Structures are given as structure tokens and as C-alpha cells.
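Topology and contacts: notes
The lines below spell out each chain.
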Amino acid sequence: MNTKTSQSAQYWLMKSEPDCFSIDDLKRNKVEPWDGIRNYQVRNMIRDDMHIGDHVLFYHSNAKEIGVVGEMKIVSEAYPDPTQFDSKSDHPDPKSKKENPTWLLVDVKFIQKFPRIVTLNELKLDPKLEGMIVTKKGSRLSITPVSKKHFEYVVKLAKA
DNA sequence: GCCAACGTTGGC
DNA sequence: GCCAACGTTGGC
């Protein structure tokens, strides 16, 4: 018997500093390896809980305008992040060994850039989005799970 | 540029 | 295993 059960897609929010990698960069490249994850909690999530076909909100952090700017999709399972072995990359990790890489990444695919940004302030103020992790004070995880309800509501807001 | 809120490191 | 010091994230 096949022990694999078909799982329904999950929903996420992923942060990026637009000065480093923006929604427009993703739109141009179509598919991009989401490298540079150097947090164990986030690594474990992408390794254990993230799968091909999952839906993602693209979030601009550390920017003039902070908030959700578009949508993308996960198009690979987690695999070793090559930048950890590259001393010239932004986040080399000399302690990580090629036989047993510490850091993983997933490939993401551009779906759409929203007609407008849904700002963090807007997310915080909307009672329908209460409990969304990114709105919580001190939330520093670059990837967080989002409920299907919240995801669909944010997309609706972006197009309103 | 400031600083609060974390996460990590390393001495003990 | 504790915890101070340090580094990073990211809103403001």
C-alpha cells in the first residue's frame, strides 16, 4: 500500500529586501533559487513542511514601502543552498560540509505582481488578519506559514 | 541611523 | 547548562 497521502497545498509568506531581490527581479527571472536562509527554524520549515505547489506571498522588508507585493509558487523541494560553500557569497558558512549541508533552499516561481502593495500597517489594522505572524511585534522569521483564509483575503485586498 | 527583539556563540 | 556578549533582522 502506498503510504504517501496527497497533501493539499500550504500557504506561506516570504520576506525579501527589495534592494537585494524584489518582486520585479522575480518577474524578470521567472524562477529563482531562494538562497541565503541562515536560520534553523526557517530551514526546518522548508525542509519538513514546504512542498511543490505551495502558494507564497512575496513580502518586501526593510524598504520604503513595506508589505505584500505579489504572489509566487514553490517549484522544488528543499535542496542544499550552494551559496553556503561560496566564500564570495553574502552568507558563506565555513562550518557547513558538502557531505552534510547545513542550509537548504527552494526554487520559487513568479505568479503575479499585485496592482498595489498591501502594506504591513494595513495587515496589522485589519481584524480579519488577526493572528497573522508577520504582523506580530518582533517577528523576524523570513518565512512564515499563512492560513488559506488569510492568504486569499490578502490577495483580494491587493486587487481591490 | 536607531534600537527592540530576537538568535547564536563561547567562557565558565 | 547558564548567561553575558555579540550579531542580525527589520520596523520606524
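Below or above, wherever it landed, is the structure these notes cover. Quantities reported herein were computed from a predicted structural model and do not represent experimental measurements.

Notes on the pattern of salt bridges
- Tallied over the full model, the rule gives five salt bridges.
- Of the charged contacts, one joins D48 and R47 as a salt bridge, the two residues approaching to 2.9 Å between their closest N and O atoms.
- Judged by relative accessible area, which is 41%, D48 ranks as partly exposed.
- R116 is the partner of E122 in a salt bridge, and the nearest nitrogen-oxygen pair spans 2.9 Å.

Let's talk about the environment of V118
- Looking at the secondary structure, you find V118 in strand β7 (residues 107-119).
- The spatial distance from the C-alpha of V118 to the C-alpha of V154 is 7.4 Å, given a sequence separation of 36 residues.
- The residues touching V118, leaving out its near neighbours within four places in the chain, are I66, G67, V68, L123, V154, L157 and A158.

Comments concerning the protein's contact with DNA strand C
- Taken together, K15, Y59, S61, N62, I66, L120, K124, R140 and L141 make up all the residues around DNA strand C.
- For DNA strand C, the fraction of protein-proximal atoms (within 4 Å) that sit in sugar or phosphate groups is 62%.
- The contact in question runs from a phosphate oxygen of DNA strand C to an N or O atom on the side chain of Y59, over 2.7 Å.
- Contacts to DNA strand C include R140, whose side-chain N or O atom sits 2.4 Å from a base oxygen.
- By residue class, the composition of the surface near DNA strand C is four nonpolar, two polar and three charged.

Side note on the sheet that holds strand β3 (residues 55-60)
- An order of β2-β7-β4-β3-β1-β8 is seen for the six strands of this open sheet, with the pairing classed as mixed. One side of each edge strand has no neighbouring strand; the edge strands of this open sheet are β2 (31-33) and β8 (143-145). In this sheet, adjacent strand axes meet at a mean angle of 35° when their direction is disregarded.
- Along the sheet, helix α4 (residues 148-159) contacts β1 (11-16), β3, β4 (67-74) and β7; its crossing angle with β7, the most-contacted strand, is approximately 60°.

Describing the nonpolar core
- In terms of nonpolar packing, the biggest core is built from 23 residues, with M14, W34, M50, F58, M72, V108 and I143 touching the most fellow members.
- For this core, the elements supplying multiple residues, two or more each, are β1, α1 (23-29), α2 (40-48), β3, β4 and β7.
- Apart from the residues lying within four places of it in its own chain, the contact partners of F58 are M14, S16, F21, S22, I23, L26, W34, G67, V68, V69, G70 and M72.
- Counting 19 residues, the second-largest nonpolar core is a separate cluster that includes L57, V68, L129 and V155.

Re α4
- Taking 1.5 Å per residue as the helical rise, α4 with its 12 residues ought to reach 16 Å, and the 17 Å between its terminal C-alpha atoms agrees with that figure.
- All buried positions along α4 are accounted for by H150, F151, Y153, V154, V155, L157 and A158.
- Against the buried residues of α4 lie β1, β3, β4, β7 and α3 (120-125).

Quick word on the protein's contact with DNA strand B
- Residues in close proximity to DNA strand B include Y40, Q41, K95, K137, G138 and R140, which together make up its full environment.
- Of the residues contributing to the surface near DNA strand B, the split by class is one nonpolar, two polar and three charged.

A short note on the pairing of β4
- For β4, the tally of buried residues reaches seven of eight residues, placing the bulk of the element in the interior.
- Where β3 lies against β4, six bridges are found, and the strand directions are antiparallel. Counted as the bridge partner of H55 is K73 from β4.
- Linkage of β3 to β4, two consecutive antiparallel strands, is achieved through a turn of six residues, within which N62 is found at a positive phi near 50°.

Reading the values: the criteria
Residues numbered from 1 in each chain as written. Chains lettered and ligands numbered in written order. Predicted model: local features only at pLDDT ≥ 70, side-chain atom pairs only at ≥ 80, totals over all residues. Heavy atoms only, no water. Salt bridge = Lys/Arg side-chain N within 4 Å of Asp/Glu carboxyl O. Buried < 20%, exposed > 50% of the residue type's maximum accessible area, 1.4 Å probe, protein only. Helix = DSSP H or I, 4+ residues; strand = E, 2+ residues; numbered from the N terminus. Contact = heavy atoms within 4.5 Å. Near = heavy atom within 4 Å. Polar contact = N/O pair within 3.5 Å; in protein donor to acceptor, adjacent residues only side chain to side chain. Nonpolar A, V, L, I, M, F, W, Y, C, P; charged D, E, K, R; others polar. Pairing = 2+ DSSP bridges. Axes fitted to C-alpha atoms, helices over the stretch in contact; angles between N-to-C directions. Core = buried A, V, L, I, M, F, W, Y, C linked by side-chain atoms within 4.5 Å. Expected span 1.5 Å × (residues − 1).

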